[in-house]
Amino acid sequence: MTGRASTAPGRRVKRALGQAWKRLSQGESGSLPVVLGLVLLWAVFQWLNGNFFSPRNLSNLSVDIVGTGLIAVGIVFVLLIGEIDLSVGSVSGLAAAVFAVLNVNEGLPEWLALVIAVLAGALIGALHGFFFARFGVPAFVITLAGLLAWNGLTLYLLGQSGTINLDDQGLVAKLTSYYFHDIAAAYGLAALGAAVFFLTACRDRWRRKAAAMPYRPLREIAVRTGLIAAVAFAAAYVLNQFQGLPLALLIFVVLVAALDVLLRRTPYGRRVYALGGGVEAARRAGVRVAWVRVSVLTVSGTMAALGGLFLASRITSVGQPSTSGILVLNAIAAAVIGGTSLFGGHGRTWCAVLGMLVIQSISSGMALLSIQSALQFMITGGVLLAAVVLDSVSRRSQKSRGRA
């Protein structure tokens with residue numbers, strides 16, 4: 001009796017490892033490679049410079065990922081239908097310029113100027129989507145034209161000075177400078193995140209079980225929740241060692257979670273994934289292809305505008321869009337490195353978070369080591385290439401087994 005009981009956990013572990021290996025061999029690696037790569041990256045930088053894991057550096061890292069991370073989340077929506085948006089860097093700069101001109105030059109209240117700037121990004125995205133859906137012009141070409149046009153409009157709005165300084169005590173500036181110093185804020189967010197994950201997983205388990213579909217064992221859900229809670233509370237502890245929970249990180253996490261729910265748990269999200277799986281199949285299934293195309297580019301434009309405001313908040317100024325090319329490349333790289341497929345139909349908003357952590361960790365580690373940015377670009381390019389190759393191999397493996 002005792003011998004059988006003692007071998008039961010061993011069998012369960014062996015079975016779990018076997019299932020995991022089976023998923024990996026079928027190309028269903030999920031986020032595991034990027035998570036392992038991120039852990040390895042952090043370990044190397046910590047070994048080379050002991051300040052990498054300092055509370056100050058990790059807190060700054062958590063704020064630095066927000067601006068480009070929001071843009072990358074919008075890119076995820078476009079990649080899911082197998083398209084690309086090259087205009088997000090220019091749109092983010094234009095939104096920041098619109099805000100600066102309206103607030104600083106014209107004297108509009110910050111909240112109103114902010115709303116108008118975000119709406120401008122949404123309108124631009126909808127315009128791109130209209131030309132894409134109505135005339136069949138490739139999204140690549142439309143957004144490339146947008147990249148040039150919106151860059152020019154930004155330069156025009158900024159005028160001869162080329163730079164507008166923002167109020168360093170204003171609403172936009174506080175987006176990245178305000179911290180919740182009470183330790184309960186960070187720990188509360190960690191507890192809420194773990195609780196929401198556990199309740200959502202249990203609800204899915206109950207629904208799948210009621211429908212006689214495969215479902216996760218309760219023990220596996222508990223283990224996953226424990227791992228998420230451990231990471232969340234460790235992050236909260238580190239943040240509280242510096243200045244507390246950054247407002248920027250709180251907004252970022254809430255937006256990413258809300259958009260993840262939109263993608264994975266609503267009819268709209270299912271239509272986006274269906275369109276990424278094949279246009280003709282989606283159309284025959286009753287998906288309004290034109291509407292979905294317009295909507296994802298609208299989301300991309302909106303998130304680009306939000307990201308641009310956070311980037312402007314970080315430096316409390318709006319300048320000439322000389323870095324918009326690097327910005328769009330980093331945003332696309334973040335989405336792809338995090339696990340979003342370039343071929344469409346596969347990815348989550350959290351992919352952008354993982355990808356941005358990789359890119360910003362490289363940047364932060366290089367800065368601590370006083371290494372020139374040229375090497376940073378080369379390393380990021382290598383990581384991006386590895387992610388695309390893994391995505392291609394995974395897709396080919398799934399096709400060979402009739403799963404894609």
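Look above for the structure.
Let me sum up the structure you'll find in this document. Please read all numbers here as calculations on a predicted model, not as lab measurements.

### Topic: the overall build of the protein chain
Piece 1. Per the secondary structure count, the protein chain includes 16 helices and four strands.
Piece 2. Relative to its full complement of 404 residues, the protein chain shows a buried share of 43%.
Piece 3. In the protein chain, 77% of the contacts between residues at least 6 apart in sequence involve partners at least 24 apart.
Piece 4. Only carbon and sulfur atoms are counted for the fraction: they give 65% of the accessible area of the protein chain, which is about 20,500 Å².

### Observations concerning the pattern of salt bridges
Piece 1. This model, assessed by the stated rule, comprises eight salt bridges.
Piece 2. Among the salt bridges present, the one from Asp204 reaches Arg265, with a minimum N-O distance of 2.9 Å. Of this pair, Asp204 sits in helix H8 (residues 183–210) while Arg265 is found in the loop between helix H10 (247–264) and helix H11 (267–277), placing the two residues 61 residues apart along the sequence.
Piece 3. Judged by its relative accessible area of 23%, Asp204 is partly exposed.
Piece 4. A relative accessible area of 31% means that Arg265 is categorised as partly exposed.
Piece 5. When the shortest N-O distance is used, the salt bridge between Asp260 and Arg348 registers 3.1 Å. Of the two residues, Asp260 sits in helix H10 while Arg348 sits in the loop between helix H14 (324–337) and helix H15 (349–368), which places them 88 residues apart along the sequence.
Piece 6. Each of Arg216, Glu220 and Arg224 takes part in one network of salt bridges that share partners.

### Considering the packing of helix H5 (residues 110–135) against helix H6 (residues 139–158)
Piece 1. The contact between H5 and H6 brings their axes to 9 Å, and the two run at 145 degrees. Our pair here, H5 against H6, has a crossing hand that is right-handed. Residue-level contacts link Ile124, Leu127, His128, Phe131 and Phe132 of H5 to Ala139, Ile142, Thr143, Gly146 and Trp150 of H6.
Piece 2. Across the contact of H5 with H6, the residue classes tally to seven nonpolar, three polar and no charged.

### So, a positive patch on the surface
Piece 1. On the surface, Arg203, Arg207, Arg270, Arg271 and Arg288 cluster together to form a positively charged patch.
Piece 2. Of all elements in the fold, only H8 and H11 reach the threshold of two or more residues within the positive patch.
Piece 3. Residue position: Arg288 is located in the loop between helix H12 (279–284) and helix H13 (289–315).
Piece 4. Taking the relative accessible area as the measure of exposure, Arg288 reaches 60% and is therefore exposed.

### Re H11
Piece 1. Considered for burial, the residues of H11 that qualify are Tyr268, Gly269, Val272, Leu275 and Gly276. End-on, the buried residues of H11 take up no more than an arc of 125 degrees, which puts them together on one face. The outward face of H11, more than 90 degrees from its buried face, is lined by the exposed residues Arg270 and Gly277.
Piece 2. Tucked into the core, H11 has its buried residues touching helix H3 (55–80), H10, H12 and H13.
Piece 3. Gly278 occupies a position one or two residues after H11 and carries a positive phi of about 155 degrees.

Criteria and cut-off values
- Residues numbered from 1 in each chain as written.
- Predicted model: local features only at pLDDT ≥ 70, side-chain atom pairs only at ≥ 80, totals over all residues.
- Heavy atoms only, no water.
- Helix = DSSP H or I, 4+ residues; strand = E, 2+ residues; numbered from the N terminus.
- Buried < 20%, exposed > 50% of the residue type's maximum accessible area, 1.4 Å probe, protein only.
- Contact = heavy atoms within 4.5 Å.
- Areas by Shrake-Rupley, 256 points an atom, 1.4 Å probe, with all protein chains shown as cover.
- Salt bridge = Lys/Arg side-chain N within 4 Å of Asp/Glu carboxyl O.
- Axes fitted to C-alpha atoms, helices over the stretch in contact; angles between N-to-C directions.
- Left-handed = near helix turned anticlockwise from the far one by under 90°.
- Nonpolar A, V, L, I, M, F, W, Y, C, P; charged D, E, K, R; others polar.
- Patch = residues over 30% accessible without salt bridge, like charges linked within 9 Å, V, L, I, M, F, W, Y side chains within 5 Å.
- Lys, Arg positive; Asp, Glu negative; His and termini not counted.
- Charge placed at Lys NZ, Arg CZ, Asp CG, Glu CD.
- Arc of directions from axis to C-beta.

By themselves these figures say nothing about function.
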